[in-house]
Amino acid sequence: MGGVPSQLSIFNIFRRKKSSSPIRKKVSFDKKLIDRDALKVVQTISKAGFEAYLVGGCVRDLLLGHKPKDFDIATNAKPEQVNKLFKRSRLIGRRFRLVHVMFSARKFLEVATFRSGQVKTAKSGVIVRDNCYGNIEEDVVRRDFRINALYYDVRSEEVIDYIGGLEDIDAGQIHIIGEPLVRFEEDPVRMIRAVRFQTKLDFELSDEIKKAIHKQAPLLSNISPARLYEECIKLFHNEYGFKVYERLEKYDLLRHLFKQTRKNDFIKIALNNTSNRIKRNKPVTPAFLFAVFLWQAQNERYQIIKQKQKSVYLSMSQASEEVIINQIKQVSLPRWLTARIKETWMMQNRLERMQPKKMDDILSSKGFRMAYDFLVLRSQSINPELKSVADFWTKAQVGYKPLDTQSEYRKKPTK
Ligand code: ATP
Ligand code: MG
């Protein structure tokens, strides 16, 4: 999670809203949509005498009848106090101290203490701690959008709204909390979050958000490439990735993530293919998407290097390295991922040559599945001349291995 609103913007928010008493709306959510463990965590904290709520995206999604991706919990208990309440929990984070309550090797729930949004800085001006605890009202205004600042009181079955989130949910609108220019400056990632929520929920962005994105888009380049990698997965590994792509391009945000990428039919078909896989609960890998996004740039670089370098292999390899090095200046890619991207690219040439002697080697190689999938999508978009090559490899697999093209893709555990 990113920055925090300045004291001034907090003051303005409450000054504009004459009263800070919240709206409470009784709602009983579909039990199937709520995570039982999240309910248990909230109940345990409440029983110990603290306030505890479900908060943020999960409340927004429940109100809209969607199954939330994750459940976050906010409380007035300090992290150490929460930690003591759960045997299987641990304190994490230095700047933001949070508690993770563990349920299995893959599943944990995040409990955050209400924060005031104030920051502590060193003499140098560097933020040393923005972990100043606060009350619920202060916790509300450090959040990004009004639809993301709703709290659910499990015991009374009430949604608590201090800031107009319920109204926005009804109207299908996304409004930022506070001054958009300031909030995007504090944390430019909020701009891509706005586009993601707009697309996921099919909501409208407020005009002030649109205007502010137009002005602040270049600030995205100040964000660490590691954080942007995580954000990119959220942007594109979903059921609406291509729409997000188009909007990022429209708002001129895309070039701050992928400066070497230009829209083409390959990207469109690959993003739609990924979305379809997600709909069918099939595994997906970011390696595939990054390989697609950077393919054209790799080809262009290859053409230039090839003029001086005779070996196709060496030219491909050098072009791949250069394009990847350029990319990780913006969005970092883990090593295993760059290795898979490169392998997929390098295999295209081997697949295109269809050498009978190499068939066994190719079919049994670890990277075949992804390279084959990549080739098929190329043949269905930018390289229709490769249709017969794609058909050749489709037939070659008959009786060799089951044909599930992304089944070997690696999937990282998620929250
Ligand atoms: P989803 O999980 O569907 O992607 P979300 O709204 O739950 O959406 P999370 O990243 O899980 O997003 O964050 C949980 C909540 O934390 C948000 O709803 C919001 O209230 C707050 N939050 C997250 N990121 C930021 C940020 N960059 N600035 C301010 N508040 C944030
Ligand atoms: Mg969430």
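In the block above lies the structure referred to throughout.
Residues numbered from 1 in each chain as written. Chains lettered and ligands numbered in written order. Predicted model: local features only at pLDDT ≥ 70, side-chain atom pairs only at ≥ 80, totals over all residues.

Caption draft 1: Structural detail: helix α13 (residues 286-306). For α13, spanning 21 residues, the distance from its first C-alpha to its last is 28 Å, which sits close to the expected 30 Å at 1.5 Å a residue. Along its length, α13 reaches its greatest deviation from straightness, about 45 degrees, at L294. (Helix = DSSP H or I, 4+ residues; strand = E, 2+ residues; numbered from the N terminus. Expected span 1.5 Å × (residues − 1). Bend = angle between axes of the 7 residues up to and from the residue.)

Caption draft 2: Spatial organisation of the pairing of strand β3 (residues 72-75). Along β3, one buried face is formed by D72 and A74 and the opposite face, lined by I73 and T75, is buried too. With four bridges connecting them, strand β2 (residues 52-55) and β3 associate as antiparallel partners. Bridge assignment links L54 to a residue of β3, and that residue is I73. Across four bridges, β3 lies against strand β6 (residues 108-113) in parallel orientation. Along β6, the bridge assignment pairs I73 with V111. (Buried ≥ 20, exposed ≤ 12 C-beta atoms within 10 Å, placed from the backbone. Pairing = 2+ DSSP bridges.)

Caption draft 3: Geometry of the nonpolar core. One finds Y53, L54, V59, I73, L253, F290 and A291 to be the most contacted residues of the largest nonpolar core, which totals 97 residues. The leading source of residues in this core is α13, at 11 residues. (Core = buried A, V, L, I, M, F, W, Y, C linked by C-beta atoms within 7 Å.)

Caption draft 4: Region of the structure containing the sheet that holds strand β5 (residues 98-102). If you walk across this open sheet you meet the eight strands as β1-β10-β9-β2-β3-β6-β5-β4, and the pairing is mixed. Each of the sheet's edge strands pairs with one partner strand only, and the pair in question is β1 (23-26) and β4 (89-92). Taken over all neighbouring pairs, the strand axes of this sheet differ in orientation by 30 degrees on average, direction set aside. Relative to strand β9 (residues 150-153), β2 is paired through two bridges, and the arrangement is antiparallel. Directly across from L54, in β9, lies its bridge partner Y152. Together, β2, β3, β5 and β6 form the strand contacts of helix α2 (residues 36-47), whose direction differs from that of β2 by roughly 150 degrees. (Axes fitted to C-alpha atoms, helices over the stretch in contact; angles between N-to-C directions. Contact = placed C-beta atoms within 7 Å.)

Caption draft 5: The arrangement of helix α12 (residues 265-279) in detail. The end-to-end C-alpha separation of α12 is 21 Å, in line with the 21 Å expected for 15 residues at 1.5 Å each. Inspection of α12 places I267, A270, L271, N273 and T274 among the buried residues, and these make up the whole buried set. Burial along α12 is one-sided: seen end-on, the buried residues are contained in an arc of 160 degrees. The outward face of α12, more than 90 degrees from its buried face, is lined by the exposed residues N276 and K279. In this structure, the buried residues of α12 make contact with α10 (225-236), α11 (241-250), α13 and α17 (368-379). Immediately downstream of α12, the backbone of N281 shows phi near 60 degrees, a positive value. (Arc of directions from axis to C-beta.)

Caption draft 6: Main features of the packing of helix α14 (residues 312-327) against helix α15 (residues 335-353). The contact between α14 and α15 brings their axes to 10 Å, and the two run at 145 degrees. Judged by the sense of rotation from one axis to the other, the crossing of α14 with α15 is right-handed. Side by side, α14 and α15 meet where V312, M316, S317, S320 and I324 of the first sit next to T338, I341, K342, W345, M346 and N349 of the second. For the contact of α14 with α15, the residue count by class is six nonpolar, four polar and one charged. (Left-handed = near helix turned anticlockwise from the far one by under 90°. Nonpolar A, V, L, I, M, F, W, Y, C, P; charged D, E, K, R; others polar.)

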